[in-house]
Amino acid sequence: MAVPRGSLDQRLFRMLGLVCALYQIFFVRSTAAQTAQLSVDASPQNIQMIPENMFGIFFEEINHAGAGGLWAELVNNRGFEAGGLNTPSNIDPWLIIGDESNIIVATDRSSCFPTNPIALRMEVLCQSSGTNVCPPEGVGIYNPGFWGMNIEEAKVYKVSMYIRSSDSVDLTASLTSSDGLRNLASHTIIADSEDFKEWTKVEFDLQSSESYSNSRLQLTTSKSGIVWFDQVSLMPSDTYMGHGYRKDLASMLANLNPKFLKFPGGNYVMGNYLLNAFRWSETVGPWEERPGHFNDVWGYWTDDGLGLFEFLQLAEDIGASPVWVVNDGASQNEQIPPATIAAFVKDVVDGIEFARGDPGTSWGSVRAAMGHPEPFQLNYISMGNQECSMRYYKENYRKFYSAIKASYPDIKIISSCDRSTISPNEPADLYDVHVYTSSGDMFYKSSMFDSTPRGGPKAIVSEYAVTGNDAGRGTLVAALAEAAFLIGLERNSDVVEMASCAPLFVNDNDRRWSPDAIVFNSWQHYGCPNYWMLHFFKDSSGAALHPSTIQVSNYNQLVASSITWQNSKDGNTYLKIKVLNFGNQVVDLSISITGLENDIETFGSVKTVLTSGSLRDENSFQQPDKVVPVESPITNARKQMSLVLDPYSLTSMDLLLDPSTKMHSLLESNLHSSM
């Protein structure tokens, strides 16, 4: 039976009205059902200054974070050392162009570098004419980099390599597509037999004619003979601050405004065995002379292009204080006893001299020769990686502590033991805390330091992360739980001096740990929700913390903090109020600010919200901005105001203060007194 058109329209209209009415009833009731009051005491006499180095970052060589990541070297296994000292050895990921009828490659111990003696011998059996003619494209070797080299149009790439040959050379270095069929750039090396009789360094630039994210570097020839190669490098000319860091990834770090950089890792520093521990003295000096080492904890080779010098330089470039985690004579499976630890103690003191010594000192001269005659501002040494329970840790620690303080009394030393073990006999300036747990537990750990006795050494929470099923590869709920934890650290910054998340980076092709803050491949990158959450805290270091309290009935899912901070770029001062709603209810929040000697400007205040449609939402290469902060102007900024908090959200309000009043001067005086 057909329904008349007018009747259908009326029914649809009545149904639509009913739906709207029901929506208003349920939505309004749900938002009105939960109310809360936030009180902020902004009076100057009650402020607490947050430590200058409160929030920073922790870099570990895990997930190919440095090798094939932050360090911009595009050649993987550039010195052919990854296969070990026994020859012939595996040259992975190098492969040959051609077949065994026209080319034979093998490693031998003929390098000119005693610290990394392996070189590659390439014997070409074919030739440009005659009975055994080489293929038209020639034969040779190629390197695909770390899951492909990202080559960009018009950009310049610096090639360097060492060559030896008793024959004349006619060799072409090319950047090509992954199958070798598209040539992006090339350079030909032609030399007489005398030119490469001894090992000779060759350097030149390649400028790409097009972009290709999965490229390779190849070395080819159609001339028979034997050529040796060593230390083959391909670096972009455009790196962060010109110091060799991948520009996009280093910029993401700088954008967090980190106040410290802890490096080069935790387990990476130790190694499963001391044979494969991070040895700082083997990571300095010319890159081609560094032996490299196998990262046996995370299962890959690193040529140590990212060494102690580069970490110190990176910290300086991004304005962060370096925090060096030193090897204290322990691996995951070994430990040096106190009777023979002296050499390890001296090694650490020498490393501090490398960072801080005058150019006239033994190790300071090495740093100066690398282009940095001024000392680095190294003021923190972290002794090991949560090794307090190991048999010799405490006794060895005392030896390190005494030796470091004797030469550098101003350096702050971080103990791997917890606060309860520290005493005049077991001294420490800071103690290290690691927190890995579920999102629910991380949220409640916002009160972790509430009952910590005031006085004594402070904590550095150098590793924290939500782990487990709800962490995924970086979910909204994990980021929100970590935000609650950081708000708790802000509130307890009189007993917590520093904090950083872990891990920082993951190459999506070698994911050894999840979640991580920043995900990348050869040509893409994105921040996970917890990376964007850190932006809510990048203004907290050195800020003034105000007491704040939340009054709410039957809803324990809110945490908040309030700070006053000064924007160094424009000089403006803001009252920042952060509120986390970790529950599933909309909250109508009333805010009352008392004791504030500044007026709040009518214009210039901003609200920033981090939330999404689902707790398990993640960012990805396809949707890098699915979970990111969203800014909007605040039109009702005043000392008494209201705000609606979305379920599962982190909200920040930056209220612009009148610069003519006292808080601006107070912050400036605190800033100058801390310098």
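Residues numbered from 1 in each chain as written. Predicted model: local features only at pLDDT ≥ 70, side-chain atom pairs only at ≥ 80, totals over all residues. Heavy atoms only, no water.

### Considering the overall build of the protein
Rule in force here: The numbering of helices and of strands both runs from the N terminus, where a helix is a DSSP run of H or I of at least 4 residues and a strand a run of E of at least 2. Exposed residues in this analysis have more than 50% of their type's maximum accessible area, buried residues have under 20%, and partly exposed residues fall in between, with area computed by a 1.4 Å probe over protein chains only. Here, two residues are considered to be in contact whenever any of their heavy atoms come within 4.5 Å of each other. We get accessible surface area from the Shrake-Rupley algorithm with a probe of 1.4 Å; when it comes to residues, only the shown protein chains can shield them. Residues scored as charged are limited to Lys and Arg (positive) and Asp and Glu (negative), so that His and the chain ends carry no count. Throughout, a charge is located at the NZ atom of Lys, the CZ atom of Arg, the CG atom of Asp or the CD atom of Glu.
Broken down by element type, the protein carries 11 helices and 35 strands. In terms of overall dimensions, the protein has C-alpha extents of about 90 × 90 × 45 Å along its principal axes. Among the 675 residues that make up the protein, the fraction classed as buried is 55%. At a minimum sequence separation of 6, the contacts of the protein that also span at least 24 residues come to 76%. Per element, the accessible surface of the protein, about 27,700 Å² overall, is 51% carbon and sulfur. Charged side chains of the protein number 48 positive and 76 negative; the gap between the two group centres comes to 7 Å.

### Let's talk about the UniProt feature "domain: Alpha-L-arabinofuranosidase C-terminal" (unreviewed entry) in the protein
The condition that has to hold: UniProt positions are given in the numbering used here, feature names are shortened, and annotations may be inferred rather than shown by experiment.
Feature annotation in UniProt places "domain: Alpha-L-arabinofuranosidase C-terminal" (unreviewed entry) on residues 462-649, given in this structure's numbering. End C-alpha to end C-alpha, residues 462-649 measures 25 Å, and it is 12% helix and 36% strand.

### Some words on the sheet that holds strand E33 (residues 630-633)
Heads up, the condition is: Here a strand pair is declared whenever DSSP counts at least two bridges between the two strands.
The strand order across the open sheet built from 7 strands is E2-E27-E29-E30-E35-E32-E33, with neighbouring strands paired in antiparallel fashion. Single-partner strands in this sheet number two, and they are strand E2 (48-49) and E33. One ladder, built from 8 bridges, connects strand E30 (residues 573-581) with strand E35 (residues 649-656); its direction is antiparallel. Bridge pairing in E35 places Leu-575 opposite Leu-655.

### Regarding the packing of helix H5 (residues 342-356) against helix H7 (residues 393-407)
We count it as follows: Geometry is summarised by axes, namely lines fitted to C-alpha atoms with helices restricted to the contacting stretch, and by angles between N-to-C directions that run from 0 to 180 degrees. Helix crossings fall into two classes, left-handed where the near helix is turned counterclockwise from the far one by less than a right angle and right-handed where it is turned clockwise.
Here H5 crosses H7 at 35°, and the two axes come no closer than 10 Å. Pair H5 / H7 crosses with right-handed handedness. In contact with Phe-344, Val-345, Val-348, Val-349 and Ile-352 of H5, H7 contributes Lys-399, Phe-400, Ala-403, Ile-404 and Ser-407.

### What about the nonpolar core?
A general tendency of soluble globular proteins is for nonpolar side chains to be buried together. Stated precisely, the cut-off is as follows: Here, nonpolar core means buried Ala, Val, Leu, Ile, Met, Phe, Trp, Tyr and Cys residues that are tied together by side-chain atoms lying within 4.5 Å of each other.
Val-461, Tyr-464, Phe-505, Met-533 and Leu-580 are the most contacted members of the largest nonpolar core, which totals 110 residues. Apart from residues no more than four positions distant in its own chain, Phe-505 is found in contact with Phe-59, Ile-62, Asn-63, Ala-65, Leu-70, Leu-249, Leu-253, Asp-516, Ile-518 and Phe-520.

### Topic: the sheet that holds strand E6 (residues 119-124)
Read across the sheet, 5 strands follow the order E5-E6-E14-E9-E12 without closing on themselves; strand pairing throughout is antiparallel. The open sheet has two free edges, formed respectively by strand E5 (103-108) and strand E12 (200-207), since each of these has just one partner strand. Each adjacent strand pair in this sheet contributes to an overall mean axis angle of 30°, direction not counted. The sheet contact formed by E5 and E6 spans 6 bridges and is antiparallel. Bridged to Ile-104 within E6 is Glu-123.

### Observations regarding the state of the cysteines
Using the following cut-off: When two cysteine sulfur atoms lie within 2.5 Å, the pair is treated as a disulfide.
Tallying each qualifying case throughout the model produces 2 disulfides. Across a sulfur-sulfur distance of 1.9 Å, Cys-126 and Cys-134 are joined as a disulfide pair. Around the S-S axis, the bridge from Cys-126 to Cys-134 shows a dihedral of about 95° and counts as right-handed. On the basis of relative accessibility, which here comes to 0%, the residue Cys-126 falls in the buried class. With a sulfur-sulfur separation of 2.0 Å, Cys-388 is cross-linked through a disulfide to Cys-417. A torsion of 95° about the S-S bond marks the disulfide between Cys-388 and Cys-417 as right-handed. Remark: Cys-417 occurs in the loop between strand E20 (412-415) and strand E21 (430-437) and Cys-388 occurs in the loop between strand E19 (380-383) and H7; sequence separation between them is 29 residues.

### Things to note about H7
Note: α-helices contain 3.6 residues per turn, so residues at a spacing of three or four share the same orientation. The criterion, for reference: Take the residue count of a helix, subtract one, and multiply by 1.5 Å to get its expected span. What the arc describes is the spread of directions from the helix axis to the C-beta atoms.
Across its 15 residues, H7 extends 21 Å between first and last C-alpha, which sits within 8% of the 21 Å expected from 1.5 Å per residue. By the burial criterion, the buried members of H7 are Tyr-393, Asn-396, Tyr-397, Phe-400, Tyr-401, Ile-404 and Lys-405. Across the axial projection of H7, the buried residues extend over an arc of 155°, all falling on one side. Tucked inside the fold, the buried residues of H7 contact H5, E19 and E20.

### Points about the pattern of salt bridges
Keep this limit in mind: Salt bridges are defined as contacts in which a side-chain nitrogen from Lys or Arg sits within 4 Å of a carboxyl oxygen from Asp or Glu.
Counting across every chain of the model gives 29 salt bridges. In this structure, Arg-511 and Asp-516 form a salt bridge, with 3.6 Å as the shortest nitrogen-oxygen distance. The partner of Lys-576 in a salt bridge is Asp-539, and the shortest N-O contact between them spans 3.6 Å. Of this pair, Lys-576 sits in strand E30 while Asp-539 sits in the loop between helix H10 (529-534) and strand E27 (544-546); the two residues are 37 residues apart in sequence, bridging distant segments of the chain. You'll find Lys-576 and Asp-539 in the same group, each marked buried.

### Structural notes on the side chain of Ser-500
Note the cut-off: Pairs of N or O atoms within 3.5 Å make up the polar contacts considered here, provided that, within protein, one atom can donate a hydrogen while the other can accept it, and that residues adjacent in sequence are counted only when both atoms are side-chain atoms.
Turning to its location among the elements, Ser-500 is positioned in the loop between strand E23 (496-499) and strand E24 (505-507). At a separation of 2.8 Å, a polar atom in the side chain of Ser-500 contacts the main-chain carbonyl oxygen of Ser-462. With residues up to four places along the chain from it excluded, the contact list for Ser-500 reads Gly-56, Ile-57, Phe-58, Phe-260, Val-461, Ser-462, Glu-463 and Tyr-464.

### A word on the packing of aromatic side chains
Where two aromatic rings form a pair, the distance of their centres and the angle of their planes describe that pair. Under the convention used in this document: Between the rings of Phe, Tyr and Trp (Trp by its six-membered ring), a pair exists once the centres lie within 6.5 Å; its type follows the angle of the planes, with under 30 degrees stacked, over 60 edge-to-face, and the other angles tilted.
One pass over the full model with this rule turns up 25 aromatic pairs. Ring plane angle 85° and centroid distance 5.0 Å describe the contact between Phe-113 and Tyr-162, whose orientation is recorded as edge-to-face. Taken together, the positions of Phe-113 in the loop between E5 and E6 and Tyr-162 in strand E9 (residues 156-164) put the pair 49 residues apart, joining distant regions of the chain. Assessed through its relative accessible area of 11%, Tyr-162 is described here as buried.

### A look at the confidence of the model for the protein
Rules: pLDDT measures how confident the predictor is about each residue, on a scale from 0 to 100.
Looking at the protein as a whole, the pLDDT averages 93, with 93% of positions reaching at least 70. A low-confidence stretch, residues 1-32 (pLDDT under 50), is modelled with 6 contacts involving residues beyond four sequence positions or located in other chains. Taken together, the stretch residues 671-675 has pLDDT below 50 and engages in 1 contact with residues farther than four places along the chain or on a different chain.

### Side note on the packing of helix H4 (residues 308-317) against H5
To keep it simple, the criterion reads: Here the word oblique covers every angle except those under 35 degrees (roughly parallel), over 145 (roughly antiparallel) and from 65 to 115 (roughly perpendicular). Side-chain classes are defined by residue name, with Ala, Val, Leu, Ile, Met, Phe, Trp, Tyr, Cys and Pro counting as nonpolar, Asp, Glu, Lys and Arg as charged, and the others, Gly among them, as polar.
Running from N to C, H4 and H5 cross one another at 45°; their axes reach a closest spacing of 11 Å. One way to sum up the angle between H4 and H5 is to call them oblique. Crossing geometry of H4 relative to H5 is assigned as right-handed. On H5, the residues touching Leu-308, Phe-309 and Leu-312 of H4 are Gly-351, Phe-354 and Ala-355. Among the residues forming the contact of H4 with H5, the class breakdown is 5 nonpolar, 1 polar and no charged.

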